[in-house]
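# What the coordinates show
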Amino acid sequence: MGKAPIIVLGSGLAGYGVARELRKLDAERALVVVSRDEARAYSKPMLSNAFASGKTVTQLGGASAADMAAQLRAEVRANTEVRAIDTVRRAIELDGETLTYSKLVLALGADPISVPLAGDAADEVQRVNDLESYARFRAKIEGRRRVVLLGAGLIGCEFANDLATAGYTVDVVDPAPQPLGRLLPGPAAERVEAALARVGVRWHLGTTATTVSHATEGLRVALADGMDLEADAVLAAIGLRPRTDLARRASLTVNRGIVTDRFLAASAPDVYALGDCAEVNGQVLPFVAPIMHATRALARTLAGMPTAVTYPAMPVVVKTPALPVVVAPPAGSDGAWETEAAEEGVEARFVDGAGVLTGFALVGAATSRKQALARQLPPVLA
Ligand SMILES: Cc1cc2nc3c(=O)[nH]c(=O)nc-3n(C[C@H](O)[C@H](O)[C@H](O)COP(=O)(O)OP(=O)(O)OC[C@H]3O[C@@H](n4cnc5c(N)ncnc54)[C@H](O)[C@@H]3O)c2cc1C
């Protein structure tokens, strides 16, 4: 009998990414990708600017599971939920089937955090974290006008911009006093707030949604400040929590994410984790750039060349065409923002106690300084 395959759980940017990188190094090794979704290769970041890029749901979906299987010379099992992992027997449990692995890669992603809400329509609140949930959201708003967005973070602001410029009436609710509260200092956030207001976004900051109920037409969202909003759809974008349940039940070490060292190795032999589900060397970084670095390092390790992941500074572009924003969140909280605001943009530098630049936020014309400032930042993981 041949050697058991490498099994990758998850077909997102992390799962398919590591499979692609592995194939560049090893054309032969038996490879299985298991995913509970349709296992289409798609670009998740495109979901929050699909209207701006003129894409329908069908156009957002990329290669099918069968195409990916051919491309990767792998077995791709779509619509297949992994129920349990046994790290002693080196096996995964599917419904009615057990597969053994030589190496196992957990690329399970993250779950959207749900909002505690009262009301007879609380379960109608939607979340978008994959192609299928985006398709449901698009179907819901097709031919309608009004969307209430819960959360003014990165994904909330991107959806707000996209929906508003597509002609929807968009109300955004967030308990913080400003949008992008965790990423931007006040003067930079004020610009984002004003720019999105100019494209029609209505802000409800410093308050929360308490109740979602059915109205005569659509839904009614009650806010803690006493205001009522009417909506055809309510979309929550209040954050993600790494999917750790399978790992926890398999007795793997889990903290905020599935804990790995710099080799992406989890706490059992030949088990690895990367992407939104993983906490790599103490950091959960749910973004494309760290995933790309991790896929390349892990592919080398899987191909027999143990390789630690390194991350350079990785500024994130916030996809708000109403006002360009780039952020490189500071690694720690030690330090302070130094902000220069001009009419055409804001440059904010986060400087630590020793005078070292550890993060930045650029808004408007100042985004042209992205490369120059990124070069001055220390690597996220040297
Ligand atoms: C709307 C939106 C916009 C974004 N924009 C940006 C951006 O502009 N820039 C940026 O850097 N980042 C962005 N991100 C973040 C980035 O897209 C994610 O970090 C990345 O796509 C995560 O990839 P992943 O493979 O780790 O997880 P996922 O893509 O979520 O994949 C998880 C996989 O695990 C599978 N799975 C889970 N549980 C099981 C199970 N029990 N059995 C079998 N399979 C299972 C799922 O089917 C899925 O295939 C955005 C995120 C969102 C939601």
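These lines cover the structure that appears in this document, whether it is placed above or below. Values in this document were obtained by computation on a predicted structure and should not be read as measured data.

What counts, and where the lines are drawn
Residues numbered from 1 in each chain as written. Predicted model: local features only at pLDDT ≥ 70, side-chain atom pairs only at ≥ 80, totals over all residues. Heavy atoms only, no water. Pairing = 2+ DSSP bridges. Helix = DSSP H or I, 4+ residues; strand = E, 2+ residues; numbered from the N terminus. Buried < 20%, exposed > 50% of the residue type's maximum accessible area, 1.4 Å probe, protein only. Contact = heavy atoms within 4.5 Å. Core = buried A, V, L, I, M, F, W, Y, C linked by side-chain atoms within 4.5 Å. Axes fitted to C-alpha atoms, helices over the stretch in contact; angles between N-to-C directions. Near = heavy atom within 4 Å. Polar contact = N/O pair within 3.5 Å; in protein donor to acceptor, adjacent residues only side chain to side chain. Areas by Shrake-Rupley, 256 points an atom, 1.4 Å probe, with all protein chains shown as cover. Nonpolar A, V, L, I, M, F, W, Y, C, P; charged D, E, K, R; others polar. Domains from an automatic or database assignment.

Of the pairings in the sheet, the one linking strand E13 (residues 209–214) to strand E14 (residues 219–223) comprises five bridges and is antiparallel in character. Each bridged residue has a counterpart across the sheet, and for valine 212 the counterpart in E14 is valine 221. Hairpin connection, E13 to E14: the antiparallel pair is bridged by four residues, and glycine 218 has positive phi, about 85°.

Our next topic: the environment of leucine 240. Turning to its location among the elements, leucine 240 is positioned in strand E17 (residues 240–242). The class of leucine 240 is partly exposed, set by a relative accessible area of 32%. If sequence neighbours within four positions are ignored, leucine 240 has contacts with Ala110, Asp111, Pro112, Ile113, Asn129 and Asp276.

Judged by nonpolar contacts, the single largest core of 59 residues is most densely connected at Ile7, Leu9, Ile92, Leu104 and Leu106. A per-element tally of this core places helix H8 (residues 288–302) first, with six residues. When neighbours within four sequence positions are excluded, leucine 9 is seen to be in contact with Val34, Val82, Ile85, Ile92, Leu104, Val105, Leu106, Ala107 and Leu108. In this structure, Ala50, Val128, Cys157 and Phe159 belong to the second largest nonpolar core, which totals 42 residues.

Right, let's talk about the sheet that holds strand E5 (residues 91–94) for a bit. With respect to topology, three strands assemble into an open sheet ordered E4-E5-E6, the strand pairing being antiparallel. Both edges of this open sheet fall to strand E4 (84–86) and strand E6 (97–100), since each of them pairs with a single strand only. Between one strand axis and the next, the sheet turns through 25° on average, direction left out of account.

Right, let's get into the site of the ligand. Around the ligand sit 32 residues in total, of which Ala14, Val82, Asp276, Val288 and Lys319 are the nearest. Within the backbone of valine 82, one N or O atom sits 2.9 Å away from a nitrogen atom of the ligand. Aspartate 276 is positioned such that a nitrogen or oxygen atom in its side chain is 2.7 Å from an oxygen atom of the ligand. Compared with its free state, where it exposes 1000 Å², the ligand has 94% of that area covered by protein. Here the element with the most residues in the shell around the ligand is helix H5 (residues 154–165); it accounts for three residues. Of the residues assigned to the shell around the ligand, the class counts are 15 nonpolar, nine polar and eight charged. Looking at which domains feed residues into the shell around the ligand, each of domain 1 (6–110 + 241–302) and domain 2 (114–236) supplies at least three.

Now for the environment of threonine 169. Looking at where threonine 169 falls in the secondary structure, it is placed in strand E11 (residues 169–174). Residues threonine 169 and arginine 145 lie 24 residues apart in sequence; the distance between their C-alpha atoms is 5.9 Å. Those residues within four positions of threonine 169 in sequence are excluded, and the remaining contacts are Arg145, Arg146, Val147 and Arg202.

Taking every second residue as pointing to the same face, both faces of strand E22 (residues 325–328) are buried, with Val325 and Val327 on one and Val326 and Ala328 on the other. Note: strand E21 (residues 316–318) against E22, three bridges, orientation antiparallel. Bridge pairing in E22 places valine 316 opposite valine 327. Counting the residues between successive antiparallel strands, the hairpin from E21 to E22 contains six residues. Strand direction decides the pairing type here: E22 and strand E25 (residues 357–364), joined by four bridges, are antiparallel. Within the sheet, the bridge partner assigned to valine 325 lies in E25 and is valine 363.

What follows concerns the sheet that holds E11. Strands belonging to one sheet form pairs held by backbone hydrogen bonds; the direction of such a pair is parallel or antiparallel. Pairing within the open sheet is parallel, and its five strands lie in the order E9-E16-E10-E11-E12. Each of the sheet's edge strands pairs with one partner strand only, and the pair in question is strand E9 (126–127) and strand E12 (202–205). In this structure, E9 lies alongside strand E16 (residues 233–236), joined through two bridges in parallel fashion. Across the sheet, the residue bridging to arginine 127 is alanine 236, located in E16.

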